[in-house]
Amino acid sequence: LARMVSFEKNYSVRATPPGTKDEVGELIEGFNEMLEQIQVRDAALQGARDDLEKRINDRTQALQQEIAERRRAEQGLQQQLTRISLLNSITRAITDRQDLESVVNVVLKQLQDNLTIDFGRVYLYDKQAHTITVAGVHEAEALDADTHIFTPQTGIESSGLTDCLEGKPVIWPDMQGGELPLQERLVKAELRSAIAVPLMVEGDLFGILLAARRQP
């Protein structure tokens, strides 16, 4: 029994007393009392270990969550700084330009340089005639310059850009398999993802900035 306790660390076993009060009986009673005390202490020690391990795990998770939140905050701040820098660059670039086409081309060039878009155009929207005309063009050299995404007969509703009338951007993360005519023409031009940003004046849509990339 002593070997079992020593090798297996099993303190729950007990020696069977002989039922006599001789020296052997007293030895066995003392041995069992010792095992009882060791078992109690072992249970308390194991409980303390479990509690410590739980506290360590909880603290580790809290630290990991705090680190993740700080990283998200840093990323958000970096994105804001990037946007501000881009807006400042665009503002400086268009300061000396008065005509709309030059301003649009400068804006699209900044988007190409800073956001690595493969396709960028600004379209003007005629509210009375419901027509869309090109105000500025910027495309990567690899893209066919004769590709016309909007035709004179193309309406904003049929293009899937109705949300732009309400000032809401339209985002297509992956247009592969899209059923809208505009999506099909963009995919035909080897473009996979796109965003249409409404350009509003006093609550009315006057234009759309369309930017697209080859990758989803």
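(A) Seen up close, the packing of helix α2 (residues 23-94) against helix α3 (residues 100-115). Remark: α2 packs on α3, axes separated minimally by 9 Å, with the N-to-C direction vectors making an angle of 145 degrees. In the packing of α2 onto α3, the handedness of the crossing is right-handed. Residues Leu 86, Ser 89, Ile 90, Ala 93 and Ile 94 of α2 form the contact with α3, whose participating residues are Val 103, Val 106, Val 107, Gln 110, Leu 111, Asn 114 and Leu 115.

(B) Highlighting the layout of surface pockets. Roughly 250 Å³ of volume is contained in the largest pocket. Listed by contribution, the elements that provide at least two residues to the lining of the largest pocket are α3, β4 (193-201) and β5 (204-213). When the residues that make up the lining of the largest pocket are grouped by side-chain class, the tally is nine nonpolar, one polar and one charged. The space that makes up the second largest pocket amounts to roughly 180 Å³. Taken together, Ile 90, Leu 100, Val 103, Val 104, Val 107, Leu 111, Val 122, Leu 124, Leu 199, Phe 206 and Leu 209 make up the lining of the second largest pocket.

(C) Region of interest: a nonpolar patch on the surface. Where nonpolar side chains cluster on the molecular surface, the patch consists of Leu 77, Leu 81 and Ile 84 and spans about 280 Å² of accessible area. Its place among the elements puts Ile 84 in helix α2.

Rules used throughout
- Residues numbered from 1 in each chain as written.
- Predicted model: local features only at pLDDT ≥ 70, side-chain atom pairs only at ≥ 80, totals over all residues.
- Heavy atoms only, no water.
- Axes fitted to C-alpha atoms, helices over the stretch in contact; angles between N-to-C directions.
- Helix = DSSP H or I, 4+ residues; strand = E, 2+ residues; numbered from the N terminus.
- Left-handed = near helix turned anticlockwise from the far one by under 90°.
- Contact = heavy atoms within 4.5 Å.
- 1 Å grid on protein atoms, 1.4 Å probe; cavity = no way out; pocket = protein on both sides within 12 Å on 5 of 7 lines; lining within 4 Å.
- Points joined across faces, edges and corners; volume = space filled by probe spheres on them.
- Nonpolar A, V, L, I, M, F, W, Y, C, P; charged D, E, K, R; others polar.
- Patch = residues over 30% accessible without salt bridge, like charges linked within 9 Å, V, L, I, M, F, W, Y side chains within 5 Å.
- Areas by Shrake-Rupley, 256 points an atom, 1.4 Å probe, with all protein chains shown as cover.
- Salt bridge = Lys/Arg side-chain N within 4 Å of Asp/Glu carboxyl O.

Limitation: the analysis is restricted to geometry and does not speak to function.
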